[in-house]
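# Topology and contacts: notes
Okay, here's what each chain looks like letter by letter:
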Amino acid sequence: MQARPVCERVQWVGAVDWNRRLFDALIPLPDGTSYNSYLVRGSEKTALIDAVDPAMLPCLMGALADVPEIHYVVAQHAEQDHSGGIPAVLARYPKAQLLCSAKAKSLLMEHLHVAEERIRTVADGETVSLGDRSLRFIYTPWVHWPETMVTLLPEDKILFTCDFFGSHYATSDLYAGENPAVREAAKRYYAEIMMPFRSAIQGNLKKIEALKFDVIAPSHGPLFDKPAMIVDAYRDWVSDRVENRVIIPYISMHGSTEAMVERLVRALITRGVDVQPFNLAVTDIGMLAMSLVDAATIVIGTPTVHVGPHPAVFNATHLANALRPKLRYAAIIGSYGWGTQAAEQLAALIPNLKVEVLGTVLCKGMPRPADLAAVDALADTIKTRHGSL
Ligand code: FEO
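Residues numbered from 1 in each chain as written. Predicted model: local features only at pLDDT ≥ 70, side-chain atom pairs only at ≥ 80, totals over all residues. Heavy atoms only, no water.

Here we take up the overall build of the protein chain. Helix and strand counts for the protein chain stand at twelve helices and 23 strands. Oriented by its inertia axes, the alpha-carbon framework of the protein chain measures out at about 80 × 40 × 35 Å. Evaluated residue by residue, the protein chain yields a buried proportion of 57% over its 389 residues. In the protein chain, the share of contacts with a sequence separation of at least 24, taken over all contacts with a separation of at least 6, comes to 72%. Just so you have it, the protein chain exposes about 15600 Å², and 52% of that area is on carbon and sulfur atoms. Side chains of the protein chain give 37 positive and 42 negative charges; the mean places of these two sets differ by 4 Å. (Helix = DSSP H or I, 4+ residues; strand = E, 2+ residues; numbered from the N terminus. Buried < 20%, exposed > 50% of the residue type's maximum accessible area, 1.4 Å probe, protein only. Contact = heavy atoms within 4.5 Å. Areas by Shrake-Rupley, 256 points an atom, 1.4 Å probe, with all protein chains shown as cover. Lys, Arg positive; Asp, Glu negative; His and termini not counted. Charge placed at Lys NZ, Arg CZ, Asp CG, Glu CD.)

Given below as structure tokens:
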């Protein structure tokens, strides 16, 4: 792929992966993604910030075809979708030094077998001169690995952030502007990748707020030339604010659980509570993850399979627990044929959720009026709790 100018001394030399539809063999990528790599030319030295996924290495190497020398390769993050191309870059530029955080050093040696003598660690706040340009490294641990850092190019007011503020969004636009589709893709990215580290991100946002920059250049998705859009969005996502909304991940085998879910959806709407059901038979789990960013309540809907919850519900509940959303309330509804421990098993799956459990409503077979009345009562309880948000 061709290099694209970001400013006089900075070029984008990454790869747009239009066709990728799955990340980590888990996360749907409806909009593809990009792996952004940046070439920074100082008057004396040249640096490459992040590489690309090994599958897209020909794009990076093609963009570097006319670059005779690279003095520094900066690894802001050791995960392979950015670092995987680094060994090939180091082989092409045998005098280049690999700059990374102290924690990244062992990860890069272990994951990519980079020779120790090629690596120079940089301290938090350290500046490396490129002549009339410089790179200042700021540690931002846990966005989303322990070794992550960002890089400020103060002379051009560009902040390179790797995964932080990134989005899986393939586009020919270099900049996001205020495109709401990019904000939505960034929210999906935050939900799937960053949300478990919400408190660490709160601290890292404070560090970043102290820096002066006009452009945020992440290593996935377009650059933010109006950075307030993404910084403000992150502030909101990591805040304690939740919305008057219930999400209901569920699945139904013979219609009983679906009838319970439909009743709850109607009851919540009637009571002025926003509600978003997710039929797990057809749901993109990324959408479910996004909904967890700011919902106040989760109600898990499950039929009973071999005494326990349906496996799809088991998976979704495990995911919700792993993502550590800021939910405040939880409940379980569903059904069973002859016996069930689904509620007990689901409750044991969510130790990370600091929620008040509002109750369980399970029906035997198709719901009877008393079951539906119990669902209405659950809606009343949710309405009351949400009144204090
Ligand atoms: Fe885009 Fe954590 O790698």
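Our next topic: the pattern of salt bridges. Side chains bearing opposite charge may pair, as long as their charged atoms lie close to each other. Across all of its chains, the model carries 21 salt bridges by this definition. With its nearest N and O atoms 3.8 Å apart, the salt bridge here joins Asp132 to Arg133. With its nearest N and O atoms 2.8 Å apart, the salt bridge here joins Asp376 to Arg263. In this pair, Asp376 sits in helix H12 (residues 369-386) while Arg263 sits in helix H8 (residues 256-270), placing the two residues 113 residues apart along the sequence. Three or more residues joined by partner-sharing salt bridges are found here, namely Lys187, Asp236, Arg241, Glu243, Arg245 and Asp294. (Salt bridge = Lys/Arg side-chain N within 4 Å of Asp/Glu carboxyl O.)

Further remarks concern the sheet that holds strand E13 (residues 134-139). Judged by pairing direction, the sheet is mixed, and its five strands sit side by side in the order E12-E13-E14-E15-E16 without closing on themselves. Each end of this open sheet is capped by a strand with a single partner; those strands are strand E12 (127-129) and strand E16 (215-218). Each adjacent strand pair in this sheet contributes to an overall mean axis angle of 25°, direction not counted. Judged from the three bridges that link them, strand E14 (residues 149-153) and strand E15 (residues 158-162) form a sheet pairing that is antiparallel. Looking across to E15, one finds that Leu153 is bridged to Ile158. (Pairing = 2+ DSSP bridges. Axes fitted to C-alpha atoms, helices over the stretch in contact; angles between N-to-C directions.)

Note the cis peptide between Val143 and His144, where omega equals 10°. Among the structural elements, His144 can be located in the loop between E13 and E14. Even without a glycine there, the phi angle at Ala25 is positive, about 50°. One can find Ala25 in the loop between strand E4 (22-23) and strand E5 (27-28). Positive phi is not limited to glycine here, since His306 has a value of about 50°. Within the secondary structure, His306 is located in the loop between strand E20 (304-305) and strand E21 (308-309).

Pairing within the open sheet is parallel, and its five strands lie in the order E18-E17-E19-E22-E23. The open sheet terminates on both sides in strands that have one partner only, identified here as strand E18 (274-279) and strand E23 (356-364). Taking the axes of each pair of neighbouring strands and ignoring which way they run, one obtains an average angle of 15° across the sheet. Bridging between strand E22 (residues 329-336) and E23 involves eight bridges; their strand directions are parallel.

Another point: the domain arrangement of the protein chain. Interfaces are often described in size by the accessible area the parts lose on coming together. Domains assigned within the protein chain are domain 1 (4-237) and domain 2 (247-383). On a C-alpha basis, the centres of domain 1 and domain 2 stand 38 Å from each other. For the pairing of domain 1 and domain 2, the buried interface totals around 1200 Å² over both sides, and the portion due to carbon and sulfur atoms is 65%. With a closest N to O distance of 3.0 Å, Asp294 and Lys187 form a salt bridge. (Domains from an automatic or database assignment. Buried area = accessible area lost by both parts, 1.4 Å probe.)

Time to look at the side chain of Lys187. On the secondary structure map, Lys187 appears in helix H5 (residues 180-194). Apart from the residues within four sequence positions on either side, Lys187 is in contact with Trp237, Met290, Val293 and Asp294.

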